[in-house]
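Summary of structural features
Next come the chains, spelled out residue by residue.
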Amino acid sequence: MKPQNLASHSTPALHAQGLASGATVHVSGVSKRFQRARLLTQALERVDLNIESGEFVAVVGPSGCGKSTLLKIIAGLLDPSEGQVVIDQKPVQGPHTDLGIVFQSPVLLDWRNILDNVLVQIELRGQDPRLYRDRAKSLLSKVGLSEFENRMPRELSGGMRQRAAIVRALIHEPPLLLMDEPFGALDALTREQMRIDLEKLWLDRGQTTFFITHGISEAVALADRVIVMSPRPGRIEQIIPIDLPRPRDKSVVTSSLFNQYCEQITECFMRHGVIQY
Ligand SMILES: Nc1ncnc2c1ncn2[C@@H]1O[C@H](COP(=O)(O)OP(=O)(O)OP(=O)(O)O)[C@@H](O)[C@H]1O
Ligand SMILES: [Mg+2]
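What counts, and at which threshold
- Residue positions are given per chain, counted from 1 along the sequence in the order it is written.
- By the order in which they are written, chains take letters starting at A while ligands take numbers starting at 1.
- Given that this is a predicted model, residues contribute local features only at a pLDDT of at least 70 and side-chain atom pairs are listed and counted only at 80 or more, while totals for whole chains, interfaces and linings are drawn from all residues.
- The helix and strand labels rest on DSSP assignments: H or I over at least four residues marks a helix, E over at least two residues marks a strand, and numbering proceeds from the N terminus.
- We compute the radius of gyration from the C-alpha atoms alone; for a globule the expected value is 2.2 Å times N to the 0.38, where N is the number of residues.
- The burial criterion counts other C-beta atoms lying within 10 Å of a residue's C-beta, which is placed from the backbone; the residue is buried at 20 or more, exposed at 12 or fewer, and partly exposed between these limits.
- In this description, any two residues whose backbone-derived C-beta atoms lie within 7 Å of each other are considered to be in contact.
- Any nonpolar core is a set of buried residues, restricted to Ala, Val, Leu, Ile, Met, Phe, Trp, Tyr and Cys, that join up through C-beta atoms within 7 Å.
- Residue ranges assigned to the domains are those given by an automatic or database domain assignment.
- A pair of strands is labelled paired if DSSP reports no fewer than 2 bridges between them.
- Simply put, an axis is a line fit to the C-alpha atoms, just over the touching stretch for a helix, and the angle between two N-to-C directions goes from 0 to 180 degrees.
- For this classification, under 35 degrees means roughly parallel, over 145 means roughly antiparallel, 65 to 115 means roughly perpendicular, and everything else is oblique.
- Handedness of a helix crossing follows the sense of rotation of the near helix relative to the far helix, less than a right angle counterclockwise being left-handed and clockwise being right-handed.
- Each residue receives one of three labels: charged for Asp, Glu, Lys and Arg, nonpolar for Ala, Val, Leu, Ile, Met, Phe, Trp, Tyr, Cys and Pro, and polar for the others, Gly being one of them.
- For each residue, a C-beta atom is placed from the backbone, and the residue is labelled near a molecule or strand when this atom is within 6 Å of it.

Here we take up the overall build of the chain. Summing up its helical and strand segments, the chain has 9 helices and 10 strands in all. Taking 277 residues into account, the globule formula puts the C-alpha radius of gyration at 19 Å, and the chain, at 19 Å, falls close to it. Overall, the chain is about 50 × 50 × 40 Å in size when its C-alpha atoms are taken along their principal axes. For the chain, the proportion of its 277 residues judged to be buried stands at 42%. Here the contacts in the chain between residues at least 6 apart in sequence split such that 73% fall between residues at least 24 apart.

Of all hydrophobic cores here, the largest spans 72 residues; its most connected members are Ile 74, Val 167, Leu 178, Phe 211, Ala 223 and Val 226. When residues of this core are assigned to their parent elements, the largest contribution, 6 residues, is made by helix H5 (residues 158–170). Each of domain 1 (6–99 + 175–271) and domain 2 (107–173) accounts for three or more of the residues forming this core. Non-local contacts of Val 226, meaning those with residues more than four positions away in its chain, are made with Ala 58, Val 60, Ala 219, Val 220, Ile 240, Ile 242 and Ile 265.

Right, let's get into the sheet that holds strand E3 (residues 56–60). Overall, mixed pairing links the 6 strands, which are arranged E6-E7-E8-E3-E9-E10 in an open sheet. A single partner strand is all that each edge strand has here, and the edge strands are strand E6 (100–102) and strand E10 (236–241). In this sheet, neighbouring strand axes are inclined to one another by 15° on average, regardless of whether the strands run parallel or antiparallel. For strand E7 (residues 176–180) and strand E8 (residues 208–212), the ladder comprises 5 bridges, and the chain directions are parallel. By the bridge assignment, Leu 177 is partnered in E8 with Thr 209. Contacting E6 and E7, H5 runs over the sheet at an angle of about 165° to E6.

This next bit is on the environment of Glu 192. With respect to the helices and strands, the residue Glu 192 is situated in helix H6 (residues 188–205). Sequence separation between Glu 192 and Glu 218 is 26 residues, and the spatial gap between their C-alpha atoms is 8.2 Å.

With that settled, the discussion passes to the packing of helix H3 (residues 114–124) against helix H4 (residues 133–142). Between H3 and H4, the least distance of the axes is 10 Å, while the angle of their chain directions is 120°. Here H3 lies oblique to H4, going by the angle between them. When the axes of H3 and H4 are compared, the crossing they make is right-handed. Facing Ile 114, Leu 115, Val 118 and Leu 119 of H3, the residues of H4 in contact are Ala 136, Lys 137 and Leu 140. Class assignment for the residues of the contact of H3 with H4 results in 6 nonpolar, no polar and 1 charged.

Judged by pairing direction, the sheet is antiparallel, and its 4 strands sit side by side in the order E2-E1-E4-E5 without closing on themselves. The sheet terminates laterally at strand E2 (39–51) and strand E5 (90–91), the two strands that pair on one side only. Two strands pair when backbone bridges link them, and strand E1 (residues 25–36) and strand E4 (residues 82–87) are joined in this way by 5 bridges, in the antiparallel orientation. Bridge pairing in E4 places Ser 31 opposite Glu 82. Relative to the sheet, helix H2 (residues 67–75) contacts E1, E2 and E4, its axis offset from that of E1 by approximately 115°.

Take the site of ligand 1 next. Close contacts around ligand 1 come from 13 residues, with Phe 34, Ala 43, Ser 63, Ser 68 and Thr 69 the closest. Only E1, E2 and H2 provide two or more residues apiece to the shell around ligand 1. Per-element tally for the shell around ligand 1: the top contributor is H2, with 3 residues. Along the lines of polarity and charge, the residues of the shell around ligand 1 split into 3 nonpolar, 7 polar and 3 charged.

Geometry only, nothing functional implied.
Here is the structure:
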């Protein structure tokens, strides 16, 4: 398998089904330097990436290579030192609100039940939460939380809380979902179930998704394309289109093609000394 770039890839799964309703994201020439006193860190170097509407892109790369920095620049939470991000033809200048974000640890309000934690997203946007109650309940049920919508966050396991955080990120039907290692703190079994649930939610809505993970197999299992980043300063080392059928059930994630994709990424990291045997 040869590395390919976007130019050679144009038909994500959802486009084929006519379901895509996501934002387009164009990252061009993005570099980021952090300067603290005399300490300069070059976090990102000339990153170019075009994400199509409804596409699921997973990003893998060694710790400190600038993945979270790139996500924050896409969200407009950080300015790039050079280059720009354009979402749906509009340059990002300051925080972009038409999106959902999920971080590694779910930040839920202790004093609100799960349903109200989901609806806080709507309240913060100045909309009437009553109009979103049914949708919130339906999404919570899709991720196995219907019996827990009236429970408090402390009564839920880590995986359940993270599911609630994902529902909260999706309740306003954002065209773009940014996820920074959302399953990083979960055990392997819960992680696999979350992966399956996330794919279902994405197949339903087709929101463009930018998903950061340290898990090579998780990236391959979820993505239309896997972006492999180099050690810092982070550059895009390789873009690998994942041509596997959906939903990615057990037969897909145990197939030899699936393993070949994982190997290809592992080899890329070995070439850079990121993984040493
Ligand atoms: N606000 C900041 N000020 C100074 N340096 C920063 C800041 N944010 C990130 N950095 C530096 O930029 C580099 C990239 O950080 P970033 O958090 O983007 O990496 P990452 O790829 O997300 O790592 P990890 O996989 O460990 O989460 C690191 O060297 C980090 O120390
Ligand atoms: Mg990070």
